[in-house]
Amino acid sequence: MKYARLFIVLLVLPMLTIAQQSMGGDGSFGSMFPDKAISPCSIGIFAGSNSNTHVVGTAYASDMKYTPASGLTAGINAAYHITGWFSLSADFALVQKNYRLDRDNPSLSFVYTDATNNYLSLPVMAVISVGRTFRVVAFAGGYVGYWLSGHRSGQSLSVSYFITRNQDDTFFDEDYEFNEQRDNRFDSGIVYGAGMRCAIARKIDLSADVRWYYGLTDIQKSYMTNMNPRYNTTRTIQFGVAYWL
Amino acid sequence: MFREMKSAYRKLLSICLSLYLLAFVSCRKESLEMINPDRHYCNTYVSQFETVWSGIDHSYLFWERDTIDWDDVHERLLPVFKEFDAKGGASDAELSEAYRSMVHGLVDHHMSVQIRNLKTGNPVYANPAWDEVPYRDYYHYDFSNQQIALLSTYSGVTEYCEGDGGFQCYGALFPGNNGKKIAYLRFRSFDVTSYSQAVHSGYMPASTMAPFYAFYGNSGSYGITGGWAKRDDVEALIIDVRGNGGGALSDLKPLVGSLSKTRIDFGYSRHKEGLGRLDYSAWTPFVVDCPPDHIQDDKKIIVLADVNSASCSEITASLIKSLPNGIFIGERTYGATGPLIRGGFDLLYSGVFGDYNELGYYVYTSNFDVVDKSYISLEGEGVTPDIECIFDANALQNGHDNQLERALLYVRTGK
């Protein structure tokens, strides 16, 4: 966690400096509607889909294949526009970080797990933008989050399968039960991405973003010495609308 | 204006690229190189210890239930094995004591560790169940042979038979109520399916499985196609798995599933799924199918088991106990209820690993955690009988198998 905080600070401060220098410090562009400067706040909503990669070293368990799975993201956003080209933005987002586990083993081809994980994420980002009617934005920051719930479905080897060789009893579909000793429900990391903003009315912007949530917190607690960490990397494509207050 | 825009876009691009690169060199912990405990050659006491320790660390099934601090075990014992290497070897007693200390208290009653002493070349063993089972107040050695010898001597016994091809199995009919019979079957291991195949392939005579033909009407692999179990004049069936150390899971369907009118929905099972101690699969139903040829009436079904009944025998006791017309008479069983499968490590990266002959170490341990409908595990505990009847050595010396007689009494009196 301390690394995540340090990383965010190291990212945001140079950005502010670079951006300020490059724009001459007067926020002279990006203000298609000059009166927005009077009310520098906007709020918005967004939704989209994502693809999450569950990063874990499987060592000698080499036929366990974790593959990315799609999920949904949605949330609300608030931004404070410091200048015409620079703003601070914070989200309250529900982000699914799903994955699939397959077995690359011919005798286990029916075995799989589809894991759905629902996270509450609170990213805070520095945003710089260029352009007028259409603005290109880039943003970076950090996020903290909480693993709200999970669900597992799929097929698994069972004792019954070895008694009968019948796959009927290999299915499962259940809410995930957290293990207090293992599961680290606190989440944090960096978030970054880019997108576009389009002003469609005097106080309304449409947005389209591509965003990466790069988890820096192991989703497992450090409950054993000799363990491989697990992280999530989530790429979202999201669309939103913002209203200038 | 255009120059300003161009400069800004360039800066923007630089920032994006920097972020992207930084993300991939940032603060995630690296994955560890791990020893594959199933295929690791060891030439020192320390490497043997590290391999076995890490194998159990990653492959052992019951970490969620065990209270042993396994990291502390490593810290405590590593200096001991370093000392063995430093002084040029250890005695068998020293090595055995070190490994016994290592696995002491683990709940898995299947577990057995076999290590080759690099100095003497001798095998040493450690088995956590040995530190628990013999200390139960009702523990006794296995007296199966003496009990079996009494079978044909009981008054009224008819149609006594036994396998004659190396598979130890015994059958008999005891007198019941109102001229009815009580069918009795005892076998020493769950190898019925493999022996049955040998019989059907002509490698062994059918007489090898004579008690099964008498009881089930076939070699035991096809449910109840006839035999005592199907006869109307047989009022109860006794399956005796005392002293039976277990065997193949595939025997459960024909032998036990056929004693039920419907599939037996016992509980759930799960296995390790990943190398973390607490990486488990989901729970999936543990059911035993009822073969097409199964019991048709409501005969009483009694399973006899004792402290030396392990593994499949205990599962059999649990399954029969769960039947509406089933009852378990005898003693709390051994406590090795987590099944194993052949080649389990290659499928599940858990369970049995190593190869004593090739690698000098071998660890035998469970693949599946089995629980009942209430998610209660009996691993390390054993199955508790409905009617407890502790083995009586004095009675046996006087020609009485008190546990068998208790089962017969139950059938004859209903209590």
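Residues numbered from 1 in each chain as written. Chains lettered and ligands numbered in written order. Predicted model: local features only at pLDDT ≥ 70, side-chain atom pairs only at ≥ 80, totals over all residues. Heavy atoms only, no water.

### Considering the packing of helix α2 (residues 45-59) of chain B against helix α3 (residues 70-86) of chain B
Residues and elements named next belong to chain B.
For step 1, the next point in the chain: Direction vectors running N to C along α2 and α3 enclose 165°, while the axes themselves pass 8 Å from each other. Classed by the angle they form, the pair α2 and α3 counts as roughly antiparallel. In this structure, the crossing between α2 and α3 has a hand that is right-handed. Contacts from Tyr 45, Val 46, Phe 49, Glu 50, Trp 53, Ile 56 and Asp 57 in α2 reach Trp 70, Asp 71, Val 73, His 74, Leu 77, Leu 78, Phe 81, Lys 82, Phe 84 and Asp 85 in α3.
For step 2, the next point in the chain: Among the residues forming the contact of α2 with α3, the class breakdown is 11 nonpolar, one polar and five charged. (Axes fitted to C-alpha atoms, helices over the stretch in contact; angles between N-to-C directions. Helix = DSSP H or I, 4+ residues; strand = E, 2+ residues; numbered from the N terminus. Parallel < 35°, antiparallel > 145°, perpendicular 65-115°, else oblique. Left-handed = near helix turned anticlockwise from the far one by under 90°. Contact = heavy atoms within 4.5 Å. Nonpolar A, V, L, I, M, F, W, Y, C, P; charged D, E, K, R; others polar.)

### Considerations on the side chain of B:Glu379
Residue and element names in this part refer to chain B.
For step 1, the next point in the chain: Examined against the element boundaries, Glu 379 turns out to sit in the loop between β13 (368-372) and β14 (387-388).
For step 2, the next point in the chain: Among buried Asp, Glu, Lys and Arg side chains, Glu 379 stands out as unpaired, with Arg 65 the closest opposite charge at 6.4 Å.
For step 3, the next point in the chain: Glu 379 has contacts with Phe 62, Arg 65, Val 107, Asp 108, His 109, His 110, Gly 335, Ala 336, Thr 337 and Gly 338, leaving out every residue within four places of it along the chain. (Buried < 20%, exposed > 50% of the residue type's maximum accessible area, 1.4 Å probe, protein only. Lys, Arg positive; Asp, Glu negative; His and termini not counted. Salt bridge = Lys/Arg side-chain N within 4 Å of Asp/Glu carboxyl O.)

### Details of the sheet that holds strand β1 (residues 112-116) of chain B
All names here are of chain B.
For step 1, the next point in the chain: The antiparallel open sheet is built from four strands, whose spatial order is β2-β1-β12-β11. Taken across any chain shown, the strands that pair with only one partner, and hence form the sheet edges, are β2 (123-126) and β11 (353-355). In this sheet, neighbouring strand axes are inclined to one another by 20° on average, regardless of whether the strands run parallel or antiparallel.
For step 2, the next point in the chain: Direction of pairing for β11 relative to strand β12 (residues 361-364): antiparallel, over a ladder of three bridges. Paired with Phe 353 across the two strands is Val 363, which belongs to β12.
For step 3, the next point in the chain: Of the strands in this sheet, β1, β11 and β12 touch α2, which is tilted by about 145° from β11.
For step 4, the next point in the chain: Strands β1 and β2 of the sheet are contacted by helix α4 (residues 92-103), whose axis makes an angle of about 25° with β2. (Pairing = 2+ DSSP bridges.)

### Quick notes on empty space enclosed by the protein
For step 1, the next point in the chain: Enumeration according to the criterion identifies three cavities of 30 Å³ or more in this entry.
For step 2, the next point in the chain: As a volume, the largest cavity reaches approximately 140 Å³.
For step 3, the next point in the chain: Looking at the largest cavity, it is lined by 18 residues, and the ones nearest its centre are A:Val56, A:Gly57, B:Leu275, B:Gly276 and B:Asp279.
For step 4, the next point in the chain: Residues of the lining of the largest cavity, tallied by class, amount to eight nonpolar, eight polar and two charged.
For step 5, the next point in the chain: Roughly 70 Å³ of volume is contained in the second largest cavity. (1 Å grid on protein atoms, 1.4 Å probe; cavity = no way out; pocket = protein on both sides within 12 Å on 5 of 7 lines; lining within 4 Å. Points joined across faces, edges and corners; volume = space filled by probe spheres on them.)

### Side note on the nonpolar core
For step 1, the next point in the chain: Among the nonpolar cores identified, the biggest contains 56 residues, and B:Phe187, B:Phe212 and B:Leu252 are the most heavily contacted of them.
For step 2, the next point in the chain: Residue contributions to this core peak at five residues, all from helix α9 (residues 312-322) of chain B.
For step 3, the next point in the chain: Beyond its immediate sequence surroundings of up to four residues, B:Leu252 is in contact with A:Ile163, B:Phe190, B:Gly257, B:Val288, B:Cys312, B:Ile315, B:Thr316 and B:Leu319.
For step 4, the next point in the chain: Among the nonpolar cores identified, the runner-up in size contains 51 residues, and B:Ile56, B:Ala90, B:Val124 and B:Val363 belong to it. (Core = buried A, V, L, I, M, F, W, Y, C linked by side-chain atoms within 4.5 Å.)

### Some details on the environment of B:Asp232
Residues and elements named next belong to chain B.
For step 1, the next point in the chain: Following the sequence through the fold, Asp 232 ends up in the loop between α7 (210-216) and β6 (234-240).
For step 2, the next point in the chain: Taking the relative accessible area as the measure of exposure, Asp 232 reaches 64% and is therefore exposed.
For step 3, the next point in the chain: It is 8.6 Å that separates the C-alpha atoms of Asp 232 and Asp 297, two residues lying 65 residues apart in sequence.

### Some thoughts on helix α5 (residues 144-151) of chain B
Residue and element names in this part refer to chain B.
For step 1, the next point in the chain: Residues Ser 144, Gln 147, Ile 148, Leu 150 and Leu 151 constitute the buried set of α5. When α5 is viewed along its axis, its buried side chains cluster within an angular range of 155° and face the same direction. Exposed residues pointing more than 90 degrees away from the buried face of α5 are listed as Asn 145 and Ala 149.
For step 2, the next point in the chain: Summarising the contacts, the buried residues of α5 are in contact with β3 (158-162), β4 (169-175), β5 (181-187), α12 (393-397) and α13 (402-413). (Arc of directions from axis to C-beta.)

### What about the pairing of strand β8 (residues 284-288) of chain B?
Residues and elements named next belong to chain B.
For step 1, the next point in the chain: A large share of β8 lies buried, amounting to four of its five residues.
For step 2, the next point in the chain: Bridge count for strand β7 (residues 264-271) against β8 is five bridges, and the pairing is antiparallel. The residue of β8 that forms the bridge with Tyr 268 is Pro 285.

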